[in-house]
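# Observations on the three-dimensional arrangement
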Amino acid sequence: MGRAIYDPHPAGQGISVREISRLTQTVSLEDAGLWMYDLITELYPICRSMTGDGVRRTLEIIGRANPLQVHEVPSGTSVFDWTVPKEWNIRDAFIKDSRGKKIVDWAHSNLHVVGYSVPVRRVMSLAELKKHLFSLPGRPDWIPYRTSYFKEDWGFCLSHEQLTGLEEGSYEVCIDSSLHDGHMTYGELLLKGESSDEVLISTHVCHPSLCNDNLSGIAMAVQLANLLRPLHLRYSYRFLFIPATLGSIAWLSMNRERAVRVKHGLVLAGVGDPGKTTYKKSRRGDAEIDRAACHVLERSREAFEIFDFVPYGYDERQYCSPGFNLPVGVLARTPHGKYPEYHTSADNLSLVQPTFLANSLFKCLSMLNVLENNAFCTSKNPQCEPQLGRRGIFRSFSERVGNPDAEMALLWVLNYSDGDHSLLDIAERSGLTFDAVRHAADVLLDQDLLSERG
Amino acid sequence: MGRAIYDPHPAGQGISVREISRLTQTVSLEDAGLWMYDLITELYPICRSMTGDGVRRTLEIIGRANPLQVHEVPSGTSVFDWTVPKEWNIRDAFIKDSRGKKIVDWAHSNLHVVGYSVPVRRVMSLAELKKHLFSLPGRPDWIPYRTSYFKEDWGFCLSHEQLTGLEEGSYEVCIDSSLHDGHMTYGELLLKGESSDEVLISTHVCHPSLCNDNLSGIAMAVQLANLLRPLHLRYSYRFLFIPATLGSIAWLSMNRERAVRVKHGLVLAGVGDPGKTTYKKSRRGDAEIDRAACHVLERSREAFEIFDFVPYGYDERQYCSPGFNLPVGVLARTPHGKYPEYHTSADNLSLVQPTFLANSLFKCLSMLNVLENNAFCTSKNPQCEPQLGRRGIFRSFSERVGNPDAEMALLWVLNYSDGDHSLLDIAERSGLTFDAVRHAADVLLDQDLLSERG
Amino acid sequence: MGRAIYDPHPAGQGISVREISRLTQTVSLEDAGLWMYDLITELYPICRSMTGDGVRRTLEIIGRANPLQVHEVPSGTSVFDWTVPKEWNIRDAFIKDSRGKKIVDWAHSNLHVVGYSVPVRRVMSLAELKKHLFSLPGRPDWIPYRTSYFKEDWGFCLSHEQLTGLEEGSYEVCIDSSLHDGHMTYGELLLKGESSDEVLISTHVCHPSLCNDNLSGIAMAVQLANLLRPLHLRYSYRFLFIPATLGSIAWLSMNRERAVRVKHGLVLAGVGDPGKTTYKKSRRGDAEIDRAACHVLERSREAFEIFDFVPYGYDERQYCSPGFNLPVGVLARTPHGKYPEYHTSADNLSLVQPTFLANSLFKCLSMLNVLENNAFCTSKNPQCEPQLGRRGIFRSFSERVGNPDAEMALLWVLNYSDGDHSLLDIAERSGLTFDAVRHAADVLLDQDLLSERG
């Protein structure tokens, strides 16, 4: 990218490019992908739900490398229009046939039990049992994922093959669960940067053994924290590991002042499947995170898709509610509900793969790189071009063959650094990559031809 | 549209959906189409012109069901840059050949006489006569329609077959017309609504035996008045039955204060032919009527075409002159001049059909439905989503299969009801129909989750 | 264009159309093309460079018909970030082989010597000589064009065939040049119009025997001055004949107050090759010159291309630097660097042709015609249409067959002359040509139906 022509001295005049830019060049994507996949593998068996010990155990594992702040919000707490529900835990669950054989066993898959099922221990006929059984006729060997958060009920999910194989007779049903006043648990991690302005990284932790939705988002957020923690950062980064919907509502309800510091944000969800990368814009539609994300995906030479904001999806629904309207977008691969494995037992360790996780991570780092390094610069020679040739940063005109990007980037940055165009604006307008534009700005800052807004 | 899930009580808190919305669901389009066609059939034989008894007779028939105010503007009255012309009437007209045989007879078709022909009773050679004869060589069996409003002259229109069949000889020519000081007549009807803000429905009544242009527009305006009169309406509706150009100029000239009350308007013309529905935008281009019309046509799943404003056409030329710039568009099917039958004897009772009239009426009602029911609402819970599930208006998340429009509409309305987005804005942005969005707003108003701007 | 219907009297009320509009109708393009080609032929042999007698001789020839102001800027003068270099002149240059035969001779082509070569007179081996030889392997029979403005060096350019045919042995090299304190020369011509607001026409004069780049631009600027000088003009026209880059920098540096008077501008360069006409927008992107140029090209029924501003190219780089941001675009045919002959001996008298020069001139005149005749008008009858028929400028409605442009133009001008829309706006919006709209405005001004902003 032209560094052969000129490389600014580290001790140059300007604000040098921020450390995150080195990450995208130096991180081993192969290692990072394997690390995230291993974390997913470790978290996979845990039975998570909106509340309960599964979330606590998950946060413990996440917190091994990162000093997580773990919050416990008591049942009954009002959070805006909602109330924190009772805490739910489960120890065992099964259905036995009349011969005493366990034909459905929670120990084999925690998807077998409808989330928030009340305790039950009864013998009943098949007809009665069937009112509490859920399957997917179109995917006869998959177990669906189902919850009953706001209505006290119980149920079992099983494959359609199992369901249709059930014979008439009496069945013993056991759900050894508890539903009582307790807490809703979530984790929070703040990496302090130069500024108290924050980048919010939010990911939901309430799903049981489902890999893409959302162990992939959890693993990527943890990996991101690992990578960013050692760096000198421009922004402070706030990571939220929360139960979906109620978790973000609770955090917003208890952090109204902090919410205004969120200058950029990403919800991470479903980032490990083979689909192309997608980005869903914030409600604002033209927030800097939206433009940074579009820039990165458009320059990626890979398939991608950008979606406008719609008021359903994950926790961006809450961050982007009109009373907050935070600049928070969603980084995902195939959107939720758009892949057949979604919310079924097929969202397992085969669906997500280290390379896809690593690819998503790289794009996320590239987006954060734009945020960290974007700036408004002002040319110190706004009247006519300065003579770049005598400074050794531009070949003489007639020697030039073609238009190397690095030299073009110098001209673009000089001409558009009028205080009204950010480096991202210049990258968008010129067709150059953000890195090429940022590098040109660094060369010009080093030559004292540019100033960067403080 | 989700009414199975929830139907707000009629006595709910909010402003309930206005009565017009029921029309689009309950009106019998078959009956309405036949009624309009029968009215066209009755009006067809009458010889109308810019002035005279043909317009008076037409207004009498229109006024049978609707108490029309009939205005008589004296010849010589100045209306802006124009002067109301003399009144023209005709009793008889013919051309007889040398054997005394009527070869052209006004009694057979009032198109035979050029409108505003001065009286004539003479015998003349074929050569002299031919200077006053008009035909359509490309459509040899059709009679053209022609007028000479602002130049005193006379003439006959006839089929080209007739014209070319004329033999040398002398011809007796009679036009028993009168052109003297009198009046220009037009009709006006006001349906009062809650507000003194008006919707203008304008249609021209100056064409003789031409069905699509514009008995179709007349019949649709009358039918519309019949349907709206019994309703409790938000807007007041002003219907104008006027001679083209000079009628709208005269009304605007004499109603300058009233004109500013026109918040939305439609010129109805050529609404009965088999062509696709078209809408020509007002000069403003983004008036609410323009957006309502586009919304209805875009959601219609039928072919349609939208045109930008151009300063020629029908009476919108006057309403949209820069000194008024009223938000008045044109609802038509094939635009004037774009179908071969236009301004010929082929624009007859075969060209227009009840089903096309009914289809146009339905689209017009749908557009008015948007105007009547559009509103700016404000969410009472702007911070995070309110809990819809506990109010029984939303199924729990995991039960949801797919994204039923009714539930999506609730989320769209809640998220975008920030005081800056109207329900029509939300319909446009969400891709939902206006009715789905309005219904969602009613549900939320009923639940006291929304307020509607008074 | 409707003049058959109505032609305003020369002594009409309004501001009559300006004289330039007659040029586009009366100039003999054939003669103009030949005249420009002949001038190119005369200027072709002269050895120009950034400084020196070649430019002086060129300005003398240009100045024969136009009283050019010739400026001499001393070497060492600071112009913004740059310094005017030493003056370079050359009397002779050659390479002789060991038998004393001139194998490269500057007298045959002044491209043979790298511009700004320092004097040299030595005998050397082929190996040493080759370090100073430049050719085009891909175009083995063309001589490249090369300079070394800001680095003291010397060199020869020759065809690749010549280069590869050189045999081992010693060569006598002579460059009889001088590089010493002197001046940089440029020419300036001002045609005064009604207003002190200026149109800038800038063209570079620093290239040796290269026809399209930029004898074509020079010839067109001279022809333009010839054509405009006798006219009564609205704007003052400033022509600059300058060495590229440093010439515009010097002029801007010494004319900062004058620069603000530049309301529109064009850089002329490469206007004689067979490629389609192209226009590069000013940095502003929506300046009146940008819109005028787009209008002319879009209505031309010929292939064309419009480019957004980019900060490399010709002297627009300096005019459009952010501290000036002047509304200056570039009129060219194939853009620089995009045709194979660019900066080679093949950019000769065969590449440019009189018809292409004439075609470019016509488009330039049409663009200037828009600038000279554009205006904001206001209808004196903004409420409803005035009655055009009684003024004899509009046929009665029913006589009309089709929609002749002239009558449509009257309606467009009347409806949009609300003080907010210029005639160019109306031309763009209506799809009519600027001339049709301007003519309609003149008819209406003559009828006292319109007023033109002073």
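Residues numbered from 1 in each chain as written. Chains lettered and ligands numbered in written order. Predicted model: local features only at pLDDT ≥ 70, side-chain atom pairs only at ≥ 80, totals over all residues. Heavy atoms only, no water.

Residue and element names in this part refer to chain C. Strands sit in the order β1-β10-β12-β11-β13-β16-β14-β15 across an open sheet of eight strands; the sheet is mixed. Only two strands of the sheet have a single neighbouring strand rather than two, namely β1 (69–74) and β15 (304–307). With direction set aside, neighbouring strand axes in the sheet form an average angle of 20 degrees. With seven bridges connecting them, strand β11 (residues 198–204) and strand β12 (residues 236–242) associate as parallel partners. Residue pairing in the sheet places isoleucine 201 in a bridge with phenylalanine 239 of β12. Each of β1, β10 (183–191) and β12 touches helix α3 (residues 53–62); the most contacted strand, β10, lies at about 15 degrees to it. (Pairing = 2+ DSSP bridges. Helix = DSSP H or I, 4+ residues; strand = E, 2+ residues; numbered from the N terminus. Axes fitted to C-alpha atoms, helices over the stretch in contact; angles between N-to-C directions. Contact = heavy atoms within 4.5 Å.)

Looking now at the relation of the copies chain A and chain B. Both copies of the chain are related through a single rotation about an axis accompanied by a shift along the same axis. Overlaying chain A with chain B gives an RMSD of 0.1 Å, the required rotation being 120 degrees about an axis along which the chain moves by 0.1 Å. Given the turn and translation reported, the copies of this chain are related as if by a three-fold rotation axis. When C-alpha positions in chain A are compared against the rotation axis, the closest is assigned to aspartate 286 of chain A, at 13 Å. (Least-squares fit on C-alpha atoms with pLDDT ≥ 70 in both.)

Glancing now at the interface of chain A and chain C. Listed by partner, the interface residues are 23 residues for chain A and 21 residues for chain C. Surface buried jointly by chain A and chain C totals about 2200 Å² across both partners, of which 50% is contributed by carbon and sulfur atoms. Ranking the residues of chain A by area buried against chain C places Gln383, Cys384 and Glu385 of chain A at the top, with a combined share of 29%. Arginine 390 of chain A is the salt-bridge partner of aspartate 81 of chain C, the closest N and O atoms lying 2.8 Å from each other. (Buried area = accessible area lost by both parts, 1.4 Å probe. Salt bridge = Lys/Arg side-chain N within 4 Å of Asp/Glu carboxyl O.)

Take the interface of chain A and chain B next. Between chain A and chain B, the contact holds 21 residues from the first and 22 residues from the second. Interface area, chain A with chain B, both sides summed: about 2200 Å², of which 50% is carbon and sulfur. Between arginine 317 of chain A and glutamate 385 of chain B there is a salt bridge, and its shortest N-O distance comes to 2.5 Å. At the surface where chain A touches chain B, the tally comes to 12 residue pairs in polar contact (both at pLDDT 80 or more). Of all elements in the fold, only α7 (246–254) and α10 (316–319) of chain A reach the threshold of two or more residues within the side of chain A that touches chain B. For the side of chain A that touches chain B, the per-class residue count stands at 12 nonpolar, four polar and five charged. (Polar contact = N/O pair within 3.5 Å; in protein donor to acceptor, adjacent residues only side chain to side chain. Nonpolar A, V, L, I, M, F, W, Y, C, P; charged D, E, K, R; others polar.)

Counting buried positions over the nine residues of helix α7 (residues 246–254) of chain C gives eight, a clear majority of the element. The inward-facing, buried residues of α7 of chain C contact β2 (78–79), β3 (82–83), β10, β12, α8 (256–259) and α10 (316–319) of chain C. (Buried < 20%, exposed > 50% of the residue type's maximum accessible area, 1.4 Å probe, protein only.)

Counting across every chain of the model gives 27 aromatic pairs over all chains. Measuring from centroid to centroid gives 5.8 Å for tryptophan 88 of chain C and tyrosine 116 of chain C, while their planes differ by 20 degrees, and the two rings are stacked. Here tyrosine 116 of chain C lies in the loop between β5 (102–105) and β6 (120–125) and tryptophan 88 of chain C lies in strand β4 (residues 87–96), a separation of 28 residues in the sequence. With relative accessibility at 4%, the residue tryptophan 88 of chain C sits in the buried group. Through a chain of ring-to-ring contacts, the aromatic side chains of Trp82, Trp88, Tyr116, Tyr149 and Phe150 of chain A assemble into a single cluster. Sitting above the plane of the tyrosine 416 of chain C ring, arginine 283 of chain B keeps its charged end 4.7 Å from the centroid. (Phe/Tyr/Trp six-rings, centres within 6.5 Å; stacked < 30°, edge-to-face > 60°. Lys NZ or Arg CZ within 6 Å of the ring centre and 35° of its normal.)

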